[in-house]
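Reading the structure
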Amino acid sequence: MKGIVYKSTGSWYVVKGENGLFYECRIKGKFRIQGIKNTNPIAVGDFVLFELEKKSAIEQGVIYDILPRTNYIIRRSVNLSKQTHIIASNIDCAFLVVTLNNPPTHTLFIDRFLATAEAYSIPTVLLFNKIDTYNPDELVEIKYLAAMYRQIGYKCIGISATTGKNIDQVKELMREKTSLISGHSGVGKSTLINAISPALNLRTAAISEQHMQGQHTTTFAEMFDLDFQGRIIDTPGIKGFGIVDIQKEEVSDFFPEFFALKNQCKFNNCLHIDEPHCAVKQALENDELWWSRYRSYLQILSGEDQPYRQDPNVKNQ
């Protein structure tokens, strides 16, 4: 049978067959010896081939093949730098939920996510959540960030998952698509999904006041069918986002505003650091590019993987 993976718990997978029924499946042993370096050889969103176990009292299956992926989004763990994890596959659009505070989402995290999505050709929308909770100064900061990313070419929407503000815009973008929802713990991913499709009634939890972090209500990635034609993938909160499988010479290709200037640099392999006649560095000096984006680029280039959600008691570096 052919099916699509709706949930992964690490050892068991919930697969929806072409007949519309759900089956609990495990991996056939050979998957574990194919040299797959990911923590999860099969991801939510994968199309798989499976067969039912005849000896099972309940309908369980064994996955014996993965069909080719159109794309996927992958990250390297901050704490286990040698481990990689495919968050989800076969994604039509990714939605990154951003909050100014409660908890803070730093531009470095946003830029790492966007660069990875660009590398795997996944269109991304930035959702600035909790806009009903910000004071006037904070709203100005949100508008500044949104203006920056809009100028680069990303769609940005200010939303409130609790009041429903602009949720209809988000739903329209998700219609007839498989959409990924990602972001830090506590930014309101599950609350957003409940606002988009109340019938799902996902569990939510309050922010930890001590560290302004979420409570990880979502433990495993899981896909849900929407009532307006489409699928949505809820993901666990991500603390850090390590870039995977991108060569230094390629990094600037996934910053659209840098890539647009690449052919104006003197050298084809320009890294935009200290090379002469660099169009990117010249544009920065002319304030035609955003310095925060360039700082993110340099950190990705350096290969540093730092925790981007720091304890508030630790001084920023």
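This report concerns the structure included in the present document. Residue positions are given per chain, counting from 1 as you read along its sequence in written order. Totals for whole chains, interfaces and linings use all residues, but because this is a predicted model, local features are given only for residues with pLDDT of at least 70 and pairs of side-chain atoms are given and counted only at 80 or more. In computing side-chain values, all of the structure's heavy atoms are included and hydrogens and water are not.

1. Re the overall build of the chain
Under the scheme used here, helices are H or I runs from DSSP no shorter than 4 residues and strands are E runs no shorter than 2 residues, and both carry numbers assigned from the N terminus. Secondary structure summary: the chain contains 8 helices and 13 strands in total. Buried means the residue's accessible area, taken with a 1.4 Å probe over protein chains only, is under 20% of the maximum for its type, while exposed means over 50%, and partly exposed covers the values in between. Counting all 317 residues of the chain, 48% fall into the buried class. Pairs at least 24 apart in sequence give 65% of the contacts found in the chain among residues at least 6 apart. Note on contacts: a residue pair is in contact if any heavy atoms of the two residues lie within 4.5 Å.

2. Topic: helix H1 (residues 107–119)
Between the first and last residue of a helix there are one fewer steps than residues, each counted as 1.5 Å, and that sum is the expected span. The end-to-end C-alpha distance of H1 is 18 Å, a good match for the 18 Å that 13 residues give at a rise of 1.5 Å each. For H1, a buried count of 10 out of 13 residues is recorded, marking the element as mostly surrounded by other parts of the structure. The set of residues buried in H1 consists of Leu108, Phe109, Ile110, Asp111, Arg112, Phe113, Leu114, Ala115, Thr116 and Ala117. On the buried face of H1, the contacting elements are strand E6 (72–76), strand E8 (93–98), strand E9 (124–128), helix H2 (136–152), strand E11 (178–182) and helix H8 (291–302). Looking one or two places after H1, you find Ser121, whose phi comes out positive at around 55 degrees.

3. Description of the pattern of salt bridges
The rule for a salt bridge is simple: a side-chain nitrogen of Lys or Arg has to be within 4 Å of a carboxyl oxygen of Asp or Glu. Counted under the stated rule, the structure contains 9 salt bridges. A salt bridge links Glu222 to Lys7; its shortest N-O distance comes to 3.8 Å. Residue Glu222 is located in strand E12 (residues 222–225), and its partner Lys7 is located in strand E1 (residues 2–8); the two are separated by 215 residues in the primary sequence.

4. Let's talk about the packing of aromatic side chains
To pair, rings of Phe, Tyr and Trp, with the six-membered ring standing in for Trp, must have centres within 6.5 Å; the planes then decide the type, stacked if under 30 degrees apart, edge-to-face if over 60, and tilted in the middle. Evaluated as defined, the whole model comprises 10 aromatic pairs. Ring centres 5.5 Å apart and planes at 50 degrees place the aromatic pair Tyr23 and Phe50 in the tilted group. Note that Tyr23 is positioned in strand E3 (residues 22–27) and Phe50 in strand E4 (residues 47–52), a separation of 27 residues in sequence. In this pair, the class of Tyr23 matches that of Phe50, namely buried. Plain terms: the ring middles of Tyr144 and Trp290 are 5.5 Å apart, the flat faces sit at 85 degrees to each other, and that makes the pair edge-to-face.

5. Some points on the pairing of E3
Here is the key point about a regular strand: its side chains alternate between the two faces of the sheet. The alternating pattern of E3 places Tyr23, Cys25 and Ile27 on a buried face, while none of Phe22, Glu24 and Arg26, on the opposite face, is buried. Of the strand pairs in this sheet, strand E2 (residues 13–17) and E3 are connected by 4 bridges, and their pairing is antiparallel. Across the sheet, the residue bridging to Lys16 is Phe22, located in E3. Counted between consecutive antiparallel strands, the loop separating E2 from E3 contains 4 residues, among which Gly20 sits at a positive phi close to 85 degrees. Following DSSP output, two strands are said to pair if at least two bridges run between them.

6. Notes on the nonpolar core
Residues belong to one nonpolar core when they are buried, are Ala, Val, Leu, Ile, Met, Phe, Trp, Tyr or Cys, and are joined through side-chain atoms within 4.5 Å. Ile73, Leu126, Phe128, Tyr149 and Leu180 are the most contacted members of the largest nonpolar core, which has 38 residues in total. Those elements that provide at least two residues to this core are E1, E6, strand E7 (84–89), E8, H1, E9 and H2. Of all hydrophobic cores here, the second largest spans 21 residues; its members include Phe95, Leu127, Ile159 and Ile167.

Fair warning: the whole summary comes from geometry, so function is off the table for now.
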